[in-house]
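This is what each chain is made of:
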Amino acid sequence: MKVRLLGTGAIYSKYNCSSELIDDKILVDVGNGVLKELRKINYDFTKLEMIIITHLHADHYADLPALILNLEVEENLKPIYIAGPKELKQNLIKLCHIYYQVFLDKFIEEKIKFIEILSETKSIDLLNDYEIMVQKVNHCNIESYGYIINNKIGITGDSCLCDQVLDIFENSKIVIADISMIKGTKYHMGIDDIETIRKTYKNKIIATHLRDDTREELKKKCLKDVIIKEDGAEMII
């Protein structure tokens, strides 16, 4: 599987907000800077099959209306699934109306298929060759979800250290993990949480949602199998 890290930063960072592109088909989160990164790599938007939003904080879907505007001009675009928490559809339509009035209504009606993720949702099984497991995680008293793709790639989304995050580590080979903080909080994991996790789990970890000071501290630590990449980096997993 191919993973492109479109963003590895937090909102308090000079880097794009955290986002991953899996096999050029599945886009996870569309926060600030993600659309421009897709343009920089000359991404073929007709390859996109599914967009997954981990939770409804702006740094995880602020670029989604502009992405849809870019999709609207593509010829031969097949319908695209957008999966996310239950208020995603209504929020997105409101934002599109604020930004572009009713211009995108027809396109959204014809080309976007919304998938509502609830606390009891266990999996998304709509794409050939992909089994996407859903794991509710703990972040800011908001519906927030992590994902496991083909029992290979785990994505924590934003979360503190909790049992659900440990389940993602248990069932993945490599984990793209929120490491926002130097010291973890009740909202985000920190370097100290990753050190705790590594006592039990030996997965390779790709750091994301990094604040700039956390990135520099993590580089100094040189933790085994904790990978720090720049925006736009591509990896084969």
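Here, the structure is the one placed above.
Criteria and cut-off values
Residues numbered from 1 in each chain as written. Predicted model: local features only at pLDDT ≥ 70, side-chain atom pairs only at ≥ 80, totals over all residues. Heavy atoms only, no water. Core = buried A, V, L, I, M, F, W, Y, C linked by side-chain atoms within 4.5 Å. Buried < 20%, exposed > 50% of the residue type's maximum accessible area, 1.4 Å probe, protein only. Helix = DSSP H or I, 4+ residues; strand = E, 2+ residues; numbered from the N terminus. Pairing = 2+ DSSP bridges. Axes fitted to C-alpha atoms, helices over the stretch in contact; angles between N-to-C directions. Contact = heavy atoms within 4.5 Å. 1 Å grid on protein atoms, 1.4 Å probe; cavity = no way out; pocket = protein on both sides within 12 Å on 5 of 7 lines; lining within 4 Å. Points joined across faces, edges and corners; volume = space filled by probe spheres on them. Nonpolar A, V, L, I, M, F, W, Y, C, P; charged D, E, K, R; others polar. Polar contact = N/O pair within 3.5 Å; in protein donor to acceptor, adjacent residues only side chain to side chain. Expected span 1.5 Å × (residues − 1).

A.B. asks: Would you mind showing me how to read the nonpolar core here?
C.D. replies: Buried together is how nonpolar side chains tend to be arranged in soluble globular proteins. Within the largest apolar cluster, 29 residues are counted, with the highest numbers of intra-cluster contacts made by Leu-27, Leu-38, Ile-51, Leu-64 and Leu-67. Elements represented by at least two residues in this core include exactly helix H1 (34-40), helix H3 (64-72), strand E5 (80-85), helix H4 (88-100) and helix H5 (105-111). By size, the runner-up hydrophobic cluster in this structure holds 26 residues, among which are Ile-124, Tyr-130, Tyr-147 and Ile-176.

A.B. asks: Would you take a moment to explain the sheet that holds E5 for this structure?
C.D. replies: Strands pair in a sheet through their backbones, by hydrogen bonds, and they do so in one of two ways: parallel or antiparallel. Read across the sheet, seven strands follow the order E6-E5-E4-E3-E2-E1-E14 without closing on themselves; strand pairing throughout is mixed. Because the sheet does not close on itself, it has two edges, and the strands there are strand E6 (112-117) and strand E14 (234-236). Put simply, the sheet's adjacent strands are angled 20° from each other on average, direction ignored. When strand E1 (residues 2-7) meets E14, the two strands line up antiparallel, connected through three bridges. Across the sheet, residue Arg-4 finds its bridge partner in E14, namely Glu-234. On top of the sheet, H3 reaches strand E3 (26-28), strand E4 (50-52) and E5; it is set at about 170° to E5, its chief contact.

A.B. asks: Before we go on, may I ask you to explain the sheet that holds strand E11 (residues 174-178) in this structure?
C.D. replies: Judged by pairing direction, the sheet is mixed, and its seven strands sit side by side in the order E7-E8-E9-E10-E11-E12-E13 without closing on themselves. The sheet is open, and its two edges are formed by strand E7 (123-124) and strand E13 (226-227), each paired on a single side. Summarising the sheet, strand E8 (residues 132-137) and strand E9 (residues 144-149) pair through six bridges and their orientation is antiparallel. The residue bridging Val-134 from the neighbouring strand is Tyr-147, located in E9.

A.B. asks: Just checking my understanding: could you explain empty space enclosed by the protein for this structure?
C.D. replies: Here the structure, examined in full by the defined rule, presents one cavity of 30 Å³ or more. Volume-wise, the largest cavity comes out at about 70 Å³. Along the wall of the largest cavity there are 15 residues; nearest its centre are Ser-18, Glu-20, Asp-29, Gly-157 and Thr-208. Among the secondary structure elements, those contributing two or more residues to the lining of the largest cavity are strand E2 (19-22) and E11. Looking at side-chain class alone, the lining of the largest cavity contains three nonpolar, eight polar and four charged residues.

A.B. asks: What should I look at first to understand the environment of Asp-192 in this one?
C.D. replies: Positionally, Asp-192 belongs in helix H7 (residues 191-197). Assessed through its relative accessible area of 27%, Asp-192 is described here as partly exposed. Sequence-distant contacts of Asp-192, defined by excluding residues within four places in its chain, comprise Ile-182, Lys-183 and Gly-184. At a separation of 2.8 Å, a polar atom in the side chain of Asp-192 contacts the main-chain amide nitrogen of Gly-184.

A.B. asks: Which parts of the structure should I look at to understand H4?
C.D. replies: Residue pairs spaced three or four apart in an α-helix point in one direction, given the helix's 3.6 residues per turn. Spanning 13 residues, H4 covers 18 Å between terminal C-alpha atoms, matching the ideal 18 Å at 1.5 Å per step. Close packing links the buried residues of H4 with helix H2 (58-61), H3, E5, H5 and E6. Following H4 by one or two positions, Gln-101 adopts a phi angle in the positive range, close to 55°.

A.B. asks: Where do I start with the side chain of His-139 in this structure?
C.D. replies: Relative to the helices and strands, His-139 resides in the loop between E8 and E9. Taking the relative accessible area as the measure of exposure, His-139 reaches 3% and is therefore buried. Apart from residues lying up to four places away in sequence, His-139 is in contact with His-55, His-57, Ser-144, Asp-158, Ser-159, Tyr-187 and His-188.

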